[in-house]
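Structural overview for review
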Amino acid sequence: MTDHPLDAIFDRFITSPSIFKNHEVLRPSHIPDKLPHRDYEIQFLGKALGSALRNNRPSNMFLYGKTGTGKTIVSKYVTKYLRQRAAEIGKNVILSILNCVEVDTDYRVLARLCEVVGESVPFTGLPTDEVFKRFKAKLDSKKQLLIVIFDELDKLHHKSGDNVLYQLTRINTDLKKAQVSLVCITNDLSFKETLDPRVRSSLSEEELVFRPYNAAQLEDILGERAVEGFNDGVLGDGVVSLCAALAAQEWGDARRALDLLRVAAELAERSSEERVSEVHVRKATKQIERNTVQEALVSLPVQTKIVLWSVYVLEKSELKVITTGDLYKVYQELCKSTALEPITPRRANSLLNELSMLGIVNTKVVSMGRYGRTTKVSLSVSPREVRNILVEDFHIKKVSDFTADHLLEKN
Ligand SMILES: Nc1ncnc2c1ncn2[C@@H]1O[C@H](COP(=O)(O)OP(=O)(O)OP(=O)(O)O)[C@@H](O)[C@H]1O
Ligand SMILES: [Mg+2]
């Protein structure tokens, strides 16, 4: 039998020991048995929601904290066990966690709530009021308690306003048999102020703040997951502490710490090494950064992509300093060539500011001596990366070879 070109690669997978014992354990969706350094939060939520086991409606609650501080995992952890205990004693407690990144309209919220109480409604089509009426009727057809957890509530609110929240905070006064409690989660610390004051006060009967983890706490969290997730002895000295320290640098984001550890181990495995070292962790930081930039670039709206492509084109030109004036000239030409309607300079500037907030471009106001002040623009990410991703776009493809030198006065 002749050798297959993939033999060497596949053989390595078969014969060399894997770094991972259980890859799933290192993914964000996994709910571990222990959540180090969240005892207080678990107890707090447990006490608040536990009153459901005694037929008392738990207070509505607000949970805040920066990203990666364990809000989602603690909620899942507590509800999972509460569901189990309620079932054991035959209590009608329904716990539903809505991820508001997906469930981001009033209709979707109500359709999901209908689904959890066993009322079927079409995916779209009915008036929202009608869906609400059906949900309320079905919910109140028996004695039961519904606890709705709105995870990342700011996303729903940003897209669809307070309407459904307002209705749900008032619903208990109309219900005869059933009751509803609401738990709201957000990592946007100023979000609460944007809510209608009536909604705000009924949602925050109780509040819990999740503090960022410090490096030592992150190390414990990673340590627990590592025991379940990796084979013995595959993590080199200092790997876990380096991941923890790097994630604690901005604030204690456990997601970042876990991602670093998982990606470092994947890189080690891909290069057929038997141990994960600090070098892999350093490489993982770069890869994670690259992935975030890629995601941000792919999801830009088309006008923002054209503005960004103008910056790209000018970076490739002979210009030493890119100003917003030149940028707009190029932008207009690009619109002509792609048959898009140009937006105003003012609007283009605000898209440029959005790109700057995403960390994709850098803008700086500079003095031009007697010519006054202008904004200097540059790319903050690699031009190659911008090109690779943007040329996938249908409009950008048409101007992929566009050059700007003919438009510019040299500076
Ligand atoms: N105490 C902990 N023990 C074990 N894993 C944890 C702990 N805290 C957080 N994690 C893990 O870190 C990751 C991020 O946590 P989580 O999703 O709960 O963050 P979050 O506060 O909801 O963040 P966001 O605001 O971005 O949604 C998850 O993979 C979670 O499993
Ligand atoms: Mg979350």
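Residues numbered from 1 in each chain as written. Chains lettered and ligands numbered in written order. Predicted model: local features only at pLDDT ≥ 70, side-chain atom pairs only at ≥ 80, totals over all residues. Heavy atoms only, no water.

1. Some remarks on the overall build of the chain
Note the cut-off: The helix count covers DSSP runs of H or I at least four residues long, the strand count covers runs of E at least two residues long, and both are numbered beginning at the N terminus. Type-normalised accessible area, obtained with a 1.4 Å probe on protein chains alone, sets the label of each residue: buried when under 20%, exposed when over 50%, and partly exposed for intermediate values. The contact criterion used is simple: two residues touch if any of their non-hydrogen atoms lie within 4.5 Å. For accessible areas, the Shrake-Rupley method is used with a probe of radius 1.4 Å. Any residue's cover is judged against the shown protein chains and nothing else. We score Asp and Glu as negative and Lys and Arg as positive, and we do not count His or the chain ends. We put the charge of a Lys on NZ, of an Arg on CZ, of an Asp on CG and of a Glu on CD.
Assigned secondary structure in the chain consists of 17 helices and eight strands. Across the 411 residues of the chain, 45% fall into the buried class. For the chain, the proportion of contacts with a sequence separation of at least 24, taken over those separated by at least 6, is 72%. Accessible area of the chain: about 22,200 Å², with a carbon and sulfur share of 50%. Once the 58 positive and 55 negative side-chain charges of the chain are each reduced to a mean point, those two points are 4 Å apart.

2. Notes on helix α2 (residues 39-50)
For an α-helix, 3.6 residues make a turn, and residues three or four places apart therefore share a direction. Just so we agree on the cut-off: Residue count minus one, scaled by 1.5 Å, sets the expected span of a helix. Picture the helix axis, draw a direction to every C-beta atom, and the arc is the one those directions span.
In this model α2 runs 15 Å from its N-terminal to its C-terminal C-alpha over 12 residues, within 8% of the 16 Å that 1.5 Å per residue would give. Among the residues of α2, E41, I42, F44, L45, A48 and L49 are the ones counted as buried. Looking straight down α2, one finds that the buried residues subtend no more than 165° of arc, so they occupy a single side. Seen from the buried face of α2, the exposed residues on the opposite side, beyond 90 degrees, are D39, Y40 and K47. Looking at the buried residues of α2, the elements they touch are β1 (61-65), α3 (71-88), β3 (145-151), β4 (179-186) and β5 (206-210).

3. Section: the site of ligand 1
Condition: When at least one non-hydrogen atom of a residue lies within 4 Å of a molecule or strand, that residue is treated as near it. Two N or O atoms form a polar contact when they lie within 3.5 Å of each other; inside protein one atom must be a possible hydrogen donor and the other a possible acceptor, and for residues adjacent in sequence the pair counts only when both atoms belong to side chains. The way it works is a 1 Å grid over only the protein atoms, where trapped points that fit a 1.4 Å probe form a cavity and open points with protein on both sides within 12 Å along at least five of seven lines form a pocket, and then any residue with an atom within 4 Å of a point lines it. Criterion for pocket placement: a molecule counts as inside a cavity or pocket if more than half of its atoms are within 2 Å of its grid points. All domain edges in this entry derive from an automatic or database-based domain assignment.
Around ligand 1 there are 20 residues in total, and P36, T67, K71, T72 and Y213 lie nearest to it. Between K71 and ligand 1, the recorded distance is 2.7 Å, taken from a side-chain N or O atom to an oxygen atom. Within the contact set of ligand 1, an oxygen atom lies 3.0 Å away from a side-chain nitrogen or oxygen of R255. Look at ligand 1: alone it shows 630 Å² of surface, and the protein chains cover 96% of it. Here ligand 1 occupies the largest pocket. Within the residue set of the shell around ligand 1, elements represented by two or more residues are α3, α9 (215-229) and α11 (254-270). Counting contributing residues, the shell around ligand 1 receives three or more from each of domain 1 (39-210) and domain 2 (213-292).

4. Examining unusual backbone geometry
Even without being glycine, N55 reaches a positive phi, approximately 70°. With respect to the element layout, N55 can be found in the loop between α2 and β1.

5. What to know about the pairing of β4
Rules: Here, any two strands with at least 2 DSSP bridges between them count as paired.
Counting buried positions along β4 gives seven out of eight residues, so the element sits mostly inside the fold. Across four bridges, the pairing between β1 and β4 is parallel. Looking across to β4, one finds that F62 is bridged to C184. Judged from the six bridges that link them, β3 and β4 form a sheet pairing that is parallel.

6. Topic: the pattern of salt bridges
Applied cut-off: Between Lys or Arg on one side and Asp or Glu on the other, a salt bridge is scored when a side-chain nitrogen of the former is within 4 Å of a carboxyl oxygen of the latter.
For the coordinates displayed, the defined rule picks out 19 salt bridges. Salt-bridge contacts for D196 lead to R198; the nearest nitrogen and oxygen are separated by 2.9 Å. Residue R198 is classed as partly exposed on the basis of its relative accessible area, which comes to 44%. Among the salt bridges present, the one from D259 reaches R262, with a minimum N-O distance of 3.2 Å.

7. Structural notes on the nonpolar core
The criterion, for reference: Residues grouped as a nonpolar core are buried Ala, Val, Leu, Ile, Met, Phe, Trp, Tyr and Cys residues, joined through side-chain atoms within 4.5 Å.
Grouped together as the largest cluster of nonpolar side chains are 40 residues, with contacts concentrated most on L308, W309, L314, I360 and V361. Elements with a minimum of two residues in this core: α12 (278-298), α13 (302-316), α14 (324-338), α15 (345-357), β8 (373-379) and α16 (383-390). Counting residues per element, this core draws most heavily on α13, which supplies eight residues. With residues up to four places along the chain from it excluded, the contact list for W309 reads L334, V386, R387, L390, V391, I396, V399 and S400. Counting residues in each nonpolar core, the second largest holds 36 residues, with Y107, L139, L146 and L195 among its members.

8. Digging into the side chain of D104
As for its position among the elements, D104 is in the loop between β2 (93-99) and α4 (106-117). A relative accessible area of 10% means that D104 is categorised as buried. Looking at D104, its side chain comes within polar contact range of the side chain of R108, at 2.8 Å. A polar contact is formed between the side chain of D104 and the side chain of K159, at a distance of 3.2 Å. Once you skip the residues sitting within four places of it in the chain, D104 turns out to touch L156, K159 and S160.

9. A short note on the packing of aromatic side chains
Put simply, the test is: Stacked, edge-to-face and tilted labels apply to pairs of Phe, Tyr and Trp rings (six-membered ring for Trp) whose centres lie within 6.5 Å, assigned for plane angles under 30 degrees, over 60, and everything in between, in that order.
Across all of its chains, the model carries seven aromatic pairs by this definition. Measuring from ring centre to ring centre gives 4.4 Å for W309 and Y312, while their planes differ by 20°; the resulting arrangement is stacked. Placement of both W309 and Y312 in helix α13 is noted, with a separation of three residues, approximately one turn of the helix. Here the two residues W309 and Y312 agree in accessibility, since each one is buried. Through a chain of ring-to-ring contacts, the aromatic side chains of F62, Y64 and F191 assemble into a single cluster.

10. Focus on α9
Between its first and last C-alpha atoms α9 spans 20 Å; for 15 residues at 1.5 Å apiece the expected length is 21 Å, and the two agree. Within the span of α9, buried status applies to L218, I221, L222, R225, A226 and G229. Along the long axis of α9, the arc covered by the buried residues comes to 135°, so they all point the same way. Considering only its buried residues, α9 is in contact with α10 (239-248) and α11. Sitting at the head of α9, N214 places a side-chain oxygen 3.2 Å from the backbone nitrogen of A216.

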